[in-house]
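Chain and residue survey
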Amino acid sequence: MIHKKSWTKLLLVSLIIIGVTSSCKQENKKLPEDYELATAWADMTNYITKTTPANTPTFASRCFGYIGLTMYESVVNGYPEYQSVATQLNGLGSLPLPEKGVAYNWQLALNAGQAEMLRNIYIQTSDDNKKRIDSLEASFVNVLKTTTPDEAVVNRSILYGKKIAQLIFEWSKTDGGHRGYLTNFDKKLIFPNKPGGWKPALYAQSFSHYPLHPHWGSNRTFIAIDSAIDAPECLPFDTLPGSAYYNQFKQVYEKKNSLTQAEKEVAIWWSDDPDVTFTPPGHSYYFATIAIRETKPGLIKCAETYARVGMSVSDAYVNCWKWKFQFFSERANTYVNEHMDQQWESFWPDPPFPAFPSGHAIQAAASAVVLTNLFGENFSFTDSAHAGRADDEIRNTAFKIRHFNSFWQAAEETANSRFYGGIHIPQDNEKGLEKGKIIANNINGLHWKK
């Protein structure tokens, strides 16, 4: 259960709605700054991610990719120095241009595009959540149209944002992950018969005896070159004490017995369990929001930031899942029990999928490299994502706010958290960080400006 005070510093969606709506009743309506509009929709996106049942890190990462891209494409044509990236993506093709010689309100276009994409890509969310989306959209329309007395401009801008969202959503249906929450587990999956293969653990996050989204790795990536990245090298299975493979698990085994309280706090902070949080890729989307709120950039940089982060974490998960099921590697709760200590169990329960490489590490690295490229290497920030959550009574550990001097420092802590939790050996994290950098650099390498 999450404490009532949790997320108060992150997801104040209801207060945003109330505040914007109430301001509409005043004679002088307060207009949102560009960054306020963009981050309000990012907050809503993370709220929907957190509160939609049967969500997973895999499906959520995909949603962030399309939602972020929609934000960018709905406004990019209002900024002459920037250009659409649609034709550079994997099969999307060109998107409609605005009408020449007529005015647009790009805030209205962004507002409409975000609402339309959220409603479509999270069609399975609750009716209450759909009302929240509608309410936030209407609240901003009521405020923004006061600056645009020409009703034709208002309607044209809204229709354009919706059209972009609809076309990107239609493209999303063909990527292999559409409505992926309906097929989280494949009960017909035949496990590879190999030494060191993944097995469902008794100490686990899921009751399923089958791994999550075994076919996710065959999904289309946002950019074609991301699907051609070489697989990481994985140590060969070995039970001989002193071997490289054995020593990887020995490190996990020994760390459990020497965990400091600070390391326990790191382990639970980054758990980002999809049943109670906005998932690991949602944490990266939240970091984008932190950067935007601190720097207050214009609309186009806000949109570019969410597009880059969203597509990078989505492509990271496709690649990660492809490699997870290529290697189908075991976790410490299996190996340690069989070859070191039958009574041992990890500090954090096993997630329901193979280990190598780490999903936390690869997506954290991808988002960190993107955000560093946009906001600089020495960007200090505070992560309050889980502020106010009740202590984890099972592990006697509190959720302590994190402070970082760079995005990469946060990515490394994310990876380390899985080692402290006992669910990843060092090579899982090292290779995840390595491949996440490559994916991010590919996204950064798109021609965002003319």
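Computed from a predicted structure; not experimentally measured.

1. Re the pattern of salt bridges
Counting across every chain of the model gives 14 salt bridges. Here Glu36 and Lys30 are joined by a salt bridge, their closest N and O atoms 3.6 Å apart. Of the charged contacts, one joins Arg402 and Glu413 as a salt bridge, the two residues approaching to 3.0 Å between their closest N and O atoms. You can see Arg402 sitting in strand E2 (residues 402-404) and its partner Glu413 sitting in helix H13 (residues 407-420), a full 11 residues away along the chain.

2. A look at helix H7 (residues 244-256)
Each turn of an α-helix holds 3.6 residues, which means side chains three or four residues apart point in the same direction. An ideal rise of 1.5 Å per residue puts 18 Å on 13 residues; H7 measures up with 19 Å between its terminal C-alpha atoms. Residues of H7 that are buried: Tyr245, Tyr246, Gln248, Phe249, Val252 and Lys255. Its buried side turned inward, H7 meets helix H8 (261-269), helix H11 (332-339), H13 and helix H14 (426-444).

3. Looking at the packing of helix H3 (residues 57-73) against helix H9 (residues 279-295)
For any two helices packed against each other, the geometry is given by the interaxial angle and the distance between the axes. Between H3 and H9, the shortest axis-to-axis distance is 7 Å and the interhelical angle comes to 35 degrees. Here Pro57, Ala60, Ser61, Phe64, Ile67 and Gly68 of H3 lie close against H9, whose contacting residues are Thr279, Pro280, Pro281, Gly282 and Tyr285. Counted by class, the contact of H3 with H9 contains seven nonpolar, four polar and no charged residues.

4. Comments concerning the packing of aromatic side chains
In this structure the tally under the stated criterion is 37 aromatic pairs. Taking the centre distance of 5.2 Å and the plane angle of 90 degrees together, the rings of Phe59 and Tyr181 count as edge-to-face. One end of the pair, Phe59, is in helix H3; the other, Tyr181, is in the loop between helix H6 (151-172) and H7, with 122 residues separating them in the sequence. Accessibility classification places Phe59 together with Tyr181 in one group, the buried group. Here the aromatic rings of Phe379 and Phe407 are separated by 5.0 Å at their centres, their planes lie at 20 degrees, and the arrangement is stacked. In this pair, Phe379 is assigned in the loop between helix H12 (359-375) and strand E1 (381-383) and Phe407 in helix H13, connecting sequence segments 28 residues apart. When the ring centre of Trp321 is taken as origin, the NZ or CZ atom of Lys324, which lies over that ring, is 5.3 Å away.

5. As for the environment of Gln261
Note on placement: Gln261 falls in helix H8. Gln261 sits in the partly exposed class, given a relative accessible area of 37%. In sequence terms Gln261 and Ala364 are 103 residues apart; their C-alpha atoms lie 23 Å from each other. Those residues within four positions of Gln261 in sequence are excluded, and the remaining contacts are Asn396 and Thr397. Reaching out from Gln261, the side chain makes a polar contact with the backbone oxygen of Asn396 at a distance of 3.1 Å.

6. Quick look at unusual backbone geometry
Of note, the bond from Phe356 into Pro357 is cis; its omega dihedral lies within 30 degrees of zero at -10 degrees. Relative to the assigned elements, Pro357 resides in the loop between H11 and H12. A positive phi angle is found at His213, which is not glycine, with a value near 45 degrees. Tracing the sequence through the fold places His213 in the loop between H6 and H7. Even without being a glycine, Phe328 presents a positive backbone phi close to 50 degrees.

7. What about the packing of helix H2 (residues 34-51) against helix H10 (residues 299-327)?
The N-to-C vectors of H2 and H10 enclose an angle of 25 degrees; their axes lie 8 Å apart at closest approach. The pairing of H2 with H10 is recorded here as roughly parallel in orientation. Seen along the crossing, H2 lies across H10 with a hand that is right-handed. Residues Asp34, Tyr35, Leu37, Ala38, Thr39 and Ala42 of H2 touch H10, and the partners they reach there are Leu299, Cys302 and Tyr306. The residue inventory of the contact of H2 with H10, partitioned by class, reads seven nonpolar, one polar and one charged.

8. Considerations on the side chain of His424
Tracing the backbone shows His424 in the loop between H13 and H14. Of the polar contacts made by the side chain of His424, one reaches the backbone oxygen of Ala355; its length is 3.5 Å. Every residue in contact with His424, bar those within four places of it in the chain, is listed here: Val252, Lys324, Arg331, Ala355, Pro357, Ser358, Gly359, Arg418, Phe419 and Asn429.

Conventions and cut-offs
- Residues numbered from 1 in each chain as written.
- Predicted model: local features only at pLDDT ≥ 70, side-chain atom pairs only at ≥ 80, totals over all residues.
- Heavy atoms only, no water.
- Salt bridge = Lys/Arg side-chain N within 4 Å of Asp/Glu carboxyl O.
- Helix = DSSP H or I, 4+ residues; strand = E, 2+ residues; numbered from the N terminus.
- Expected span 1.5 Å × (residues − 1).
- Buried < 20%, exposed > 50% of the residue type's maximum accessible area, 1.4 Å probe, protein only.
- Contact = heavy atoms within 4.5 Å.
- Axes fitted to C-alpha atoms, helices over the stretch in contact; angles between N-to-C directions.
- Nonpolar A, V, L, I, M, F, W, Y, C, P; charged D, E, K, R; others polar.
- Phe/Tyr/Trp six-rings, centres within 6.5 Å; stacked < 30°, edge-to-face > 60°.
- Lys NZ or Arg CZ within 6 Å of the ring centre and 35° of its normal.
- Polar contact = N/O pair within 3.5 Å; in protein donor to acceptor, adjacent residues only side chain to side chain.
- Parallel < 35°, antiparallel > 145°, perpendicular 65-115°, else oblique.
- Left-handed = near helix turned anticlockwise from the far one by under 90°.

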